[in-house]
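Chain and residue survey
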Amino acid sequence: QVQVVESGGGLVQPGGSLRLSCAVSGSIFNINVMGWYRQGPGKEGLMVASITRGGSTNYQDSVKGRFTISKDNGKNTVYLQMNSLKPEDTAVYYCNVSTVIGPYEYAYWGQGTQVTVSS
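Residues numbered from 1 in each chain as written. Predicted model: local features only at pLDDT ≥ 70, side-chain atom pairs only at ≥ 80, totals over all residues. Heavy atoms only, no water.

**Considering the overall build of the protein**
The secondary structure content of the protein amounts to zero helices and eleven strands. Its helices and strands taken in sequence order, the protein reads β-β-β-β-β-β-β-β-β-β-β from the N to the C terminus. The C-alpha radius of gyration of the protein comes to 14 Å, within 12% of the 14 Å expected for a compact globule of 119 residues. Projected onto its principal axes, the C-alpha coordinates of the protein cover approximately 45 × 25 × 25 Å. For the protein, the share of sequence-separated contacts (at least 6 apart) that also reach a separation of at least 24 residues comes to 53%. (Helix = DSSP H or I, 4+ residues; strand = E, 2+ residues; numbered from the N terminus. Rg over C-alpha atoms; globule rule 2.2 N^0.38 Å. Contact = heavy atoms within 4.5 Å.)

**Brief notes about the side chain of threonine 99**
Checked against the element boundaries, threonine 99 lands in strand S9 (residues 91-101). Residue threonine 99 is classed as buried on the basis of its relative accessible area of 2%. If we ignore the near neighbours within four places in the chain, the residues touching threonine 99 are Ile28, Phe29, Asn30, Ile31, Asn32, Tyr104, Glu105, Tyr106 and Tyr108. (Buried < 20%, exposed > 50% of the residue type's maximum accessible area, 1.4 Å probe, protein only.)

**With respect to the environment of isoleucine 51**
Tracing the sequence through the fold places isoleucine 51 in strand S5 (residues 46-52). Separated by 48 residues in sequence, isoleucine 51 and threonine 99 have C-alpha atoms that sit 13 Å apart.

**Quick notes on the side chain of serine 21**
As for its position among the elements, serine 21 is in strand S3 (residues 18-26). Excluding residues within four positions of it along the chain, serine 21 makes contact with Val5, Glu6, Ser7, Trp36, Val78 and Tyr79.

**So, the sheet that holds strand S8 (residues 77-82)**
Across the sheet, which stays open at both edges, the four strands sit in the order S1-S3-S8-S7 with antiparallel pairing between neighbours. On the outer flanks of this sheet lie strand S1 (2-7) and strand S7 (67-72), each paired with one strand and no other. Between one strand axis and the next, the sheet turns by 15 degrees as a mean value, whatever way the strands run. Pairing between S3 and S8: six bridges, direction antiparallel. Within the sheet, the bridge partner assigned to leucine 20 lies in S8 and is leucine 80. (Pairing = 2+ DSSP bridges. Axes fitted to C-alpha atoms, helices over the stretch in contact; angles between N-to-C directions.)

**Looking at the pattern of salt bridges**
This model, assessed by the stated rule, comprises three salt bridges. The salt bridge partner of arginine 38 is aspartate 89, with a shortest N-O separation of 2.9 Å. Taken together, the positions of arginine 38 in strand S4 (residues 31-39) and aspartate 89 in the loop between S8 and S9 put the pair 51 residues apart, joining distant regions of the chain. With respect to burial, arginine 38 and aspartate 89 carry one shared label: buried. A single salt-bridge network, built from bridges that share partners, covers Arg38, Arg66 and Asp89. (Salt bridge = Lys/Arg side-chain N within 4 Å of Asp/Glu carboxyl O.)

Structure, rendered in structure tokens:
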């Protein structure tokens with residue numbers, strides 16, 4: 001069984017910073033991509049940032065230059081450093097992990113962590 005657990009959310013003032021963590025445990029092999037998605041109030045879920053097994057990163061345009069995704073392969077953990085936070089960054093942030101076994105791809109999701117940016 002695979003567990004994906006996010007942490008680090010909370011309430012922060014505009015311009016502040018938060019660091020999200022996502023720890024993956026259990027019987028999981030060949031992690032291909034790890035990423036963060038978010039869903040704000042009344043909005044659809046969107047990819048925020050992702051990082052491949054080789055370390056290539058991809059960001060949503062609205063967070064480029066403010067957010068940084070990184071990972072610790074030894075700990076199966078992915079991080080999202082969020083700086084210069086804006087009210088529009090308010091959302092539930094979800095961690096996503098995908099693995100590839102043969103011809104099949106599997107995706108695992110965490111339960112989400114709330115990030116609120118407000119004065």
